[in-house]
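# Working through the structure, step by step
As a plain string of letters, each chain reads:
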Amino acid sequence: MAANAIDQTRRMLSLVTYLRERPGARINDVARAFGISEDELISDLDVLPLCGTSFRGGDLLDIDTDGERIWWHNPAALSAEAAAPLRLAADEATALLVAARAVATLPGLREGDREALLRATAKLEAAAGETAGASDRLSVTFESEGGVFAEVDRAISERRRLWVRYYSPARDELTEREVDPIRLFALGHTYMEAWCYRSEARRTFRLDRVAEIRILDEAAAPPELELRDLSEALVQPSADDPEVVVEVGPGGRWVAEYYPHDSAEELPDGGLRITLRTPDPTSLRRLALRLGADGRITAPEDLALSARRAATEALAAYDGQEQGA
């Protein structure tokens, strides 16, 4: 089961202590100690140099690797002697207090985390003194995505199945699904990767499109799947997915930049013949409508006919509105 965002943060905090006590630790030994792959460990190590007691020179963690061992060049940066007393301006204390109280109200937040947050908030209020009074007049209400995130995070932690009502913009419909969550990640928006029992396949769900969510009593048991590398793109079609051919004019060349594809052949008019794969070819009808005169689907034939029919219906509806105006 993949670690969620909170578990990853806990692991990285433990990693700091582990590395401080073991100068020159071997990468394979550290990865084995934390139960992660060497690639995951390297990813964590890429983040740690962005952390520290402040962003001033010398306060960030100076950690690197030669490919075999991990070296921490300034472990004293986290020592009690080096740590300067934390001083917050009034606006900083107010922002922290408002944010902490808002997070503490999130549905699905684990009780232990909520209690720890409330204790930290109480200490901050005492330290802020009169400044804390300003925060009492402010409040933050999270949009639904915050609650969805908390429920998904809890389901991952407790390894339980989820029921969701999810909006699919490609079909313009709400569907009900049972899923086993695998991980949360952010690429512009926040997403849940999960095993979907409706599709019987791995699927990615954007949290702001989840209309309703419920944690079920059933234990989550997604198949053993290799985690996808999301550094290139969110949409990564499989070689087994159906093939679709789209021809675009010069004004539609952006499609080749936006959609992962197998090939892009130059056309005499300056356009492209793009061959791509998708697990749901019907989702590309919306692309065809968006392209308008700048492109068309040419294969498979049934999808091309469906796209032309959708375009004709859209034009007819538009003409009807114009005549009624």
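Structure first, text after, so check above.
Quantities reported herein were computed from a predicted structural model and do not represent experimental measurements.

This part takes up the overall build of the chain. Looking only at helices and strands, the chain features 10 helices and 11 strands. Counting the 325 residues in the chain, one finds 36% classified as buried. Of the contacts formed within the chain by residues at least 6 apart in sequence, a portion of 55% connects residues at least 24 apart. When the accessible surface of the chain is split by element, carbon and sulfur atoms take 51% of a total near 19500 Å².

The next point concerns the packing of aromatic side chains. Inspection of the entire model under this criterion finds two aromatic pairs. Geometrically, the ring pair formed by Y18 and F34 is edge-to-face, given 5.3 Å between the ring centres and 75° between the ring planes. With Y18 in helix α1 (residues 5-21) and F34 in helix α2 (residues 27-34), this residue pair connects regions lying 16 residues apart in the sequence. Plain terms: the ring middles of Y166 and F205 are 5.0 Å apart, the flat faces sit at 90° to each other, and that makes the pair edge-to-face. Here Y166 is found in strand β3 (residues 160-168), whereas its partner F205 is found in strand β6 (residues 201-206), with 39 residues between them in sequence. A cation sits over an aromatic face here: R22 above Y18, 3.9 Å from the ring centre. Stacked on the ring of W163, the Lys or Arg R214 has its end atom at 4.3 Å from the ring centre.

This next bit is on the side chain of N74. Within the fold, N74 resides in the loop between β2 (70-72) and α4 (90-104). Engagement of the side chain of N74 in a polar contact is seen with the backbone nitrogen of D62, the distance being 2.8 Å. Engagement of the side chain of N74 in a polar contact is seen with the side chain of W72, the distance being 3.0 Å.

A few words on the sheet that holds strand β11 (residues 295-299). On the basis of which strands lie adjacent, the open sheet formed by four strands has the order β9-β10-β8-β11 and antiparallel pairing. Looking along the sheet, the strands with just one partner apiece sit at the ends: β9 (263-266) and β11. The mean angle between the axes of side-by-side strands here comes to 25°, regardless of whether they run parallel or antiparallel. Here strand β8 (residues 243-248) runs beside β11; their pairing, made up of four bridges, is antiparallel. Residue pairing for β11: V246 is matched across the bridge by I297.

Let's shift gears to unusual backbone geometry. The omega angle of the peptide bond from A299 to P300 is 0°, so this bond is cis rather than trans. Within the secondary structure layout, P300 lies in the loop between β11 and α10 (301-324). Despite not being glycine, R159 shows a phi value in the positive range, around 55°. Inspection of the secondary structure puts R159 in the loop between α7 (144-158) and β3. The backbone of E200 shows a phi angle near 55°, a positive value even though the residue is not glycine. Relative to the elements of secondary structure, E200 occurs in the loop between β5 (189-196) and β6. Look at E200 and you get exposed, because its relative accessible area is 62%.

As a further point, take the packing of α2 against helix α3 (residues 38-47). The interhelical angle for the contact between α2 and α3, taken along N-to-C directions, is 100°, at an axis separation of 9 Å. In terms of their interaxial angle, α2 and α3 are classed as roughly perpendicular. Residue-level inspection shows I27, N28, V30 and A31 of α2 in contact with α3, the latter providing E38, L41 and I42. Residue composition of the contact of α2 with α3, grouped by class: five nonpolar, one polar and one charged.

So, on to the packing of α4 against helix α5 (residues 111-128). Remark: α4 packs on α5, axes separated minimally by 10 Å, with the N-to-C direction vectors making an angle of 155°. On the basis of their axis angle, the class for α4 and α5 is roughly antiparallel. Both α4 and α5 take part in a crossing whose hand is left-handed. Residues A93, L96, L97, A100, R101, V103 and A104 of α4 lie in contact with α5, whose contacting residues are R114, L117, L118, T121, L124, E125 and A128. Its residues assigned to classes, the contact of α4 with α5 shows 10 nonpolar, one polar and three charged.

Criteria and thresholds
- Throughout, a residue's number is its position along its own chain's written sequence, starting from 1.
- The predicted origin of the model limits local features to residues at a pLDDT of at least 70 and limits the giving and counting of side-chain atom pairs to 80 or more, whereas totals for whole chains, interfaces and linings rest on all residues.
- Water and hydrogen atoms were dropped before computing side-chain values, which therefore reflect all heavy atoms in the structure.
- Labels follow the DSSP assignment, with helices taken as runs of H or I lasting at least four residues and strands as runs of E lasting at least two, numbered in each case from the N terminus.
- Think of it in three bands: with a 1.4 Å probe and only protein chains considered, a residue is buried below 20% of the maximum accessible area for its type, exposed above 50%, and partly exposed in between.
- Every residue pair with non-hydrogen atoms within 4.5 Å of one another is taken to be in contact.
- Using a 1.4 Å probe, the Shrake-Rupley method yields the accessible areas, and only the shown protein chains count as cover for residues.
- Centre distance within 6.5 Å is the pairing criterion for rings of Phe, Tyr and Trp, where only the six-membered ring of Trp is used; planes under 30 degrees apart are then read as stacked, over 60 as edge-to-face, and the remainder as tilted.
- Whether a charge sits over a ring depends on NZ of Lys or CZ of Arg being within 6 Å of the ring centre and within 35 degrees of the ring normal.
- Here a polar contact means two N or O atoms within 3.5 Å. Within protein one must be a hydrogen donor candidate and the other an acceptor candidate, and residues neighboring in sequence count only if both atoms are side-chain atoms.
- At least two DSSP bridges between two strands are needed for those strands to be called paired.
- Axes, fitted as lines to C-alpha atoms, cover a helix only where it is in contact. Angles between the N-to-C directions of the axes lie from 0 to 180 degrees.
- Oblique is the label for any angle not covered by the other classes, which are roughly parallel (under 35 degrees), roughly antiparallel (over 145) and roughly perpendicular (65 to 115).
- Following the grouping adopted for this structure description, the nonpolar residues are Ala, Val, Leu, Ile, Met, Phe, Trp, Tyr, Cys and Pro, the charged ones are Asp, Glu, Lys and Arg, and the polar ones are all others, Gly among them.
- The sense of a crossing depends on the near helix, which, turned anticlockwise from the far helix by less than a right angle, makes the crossing left-handed and, turned clockwise, makes it right-handed.

By themselves, these observations are geometric and do not establish any function.
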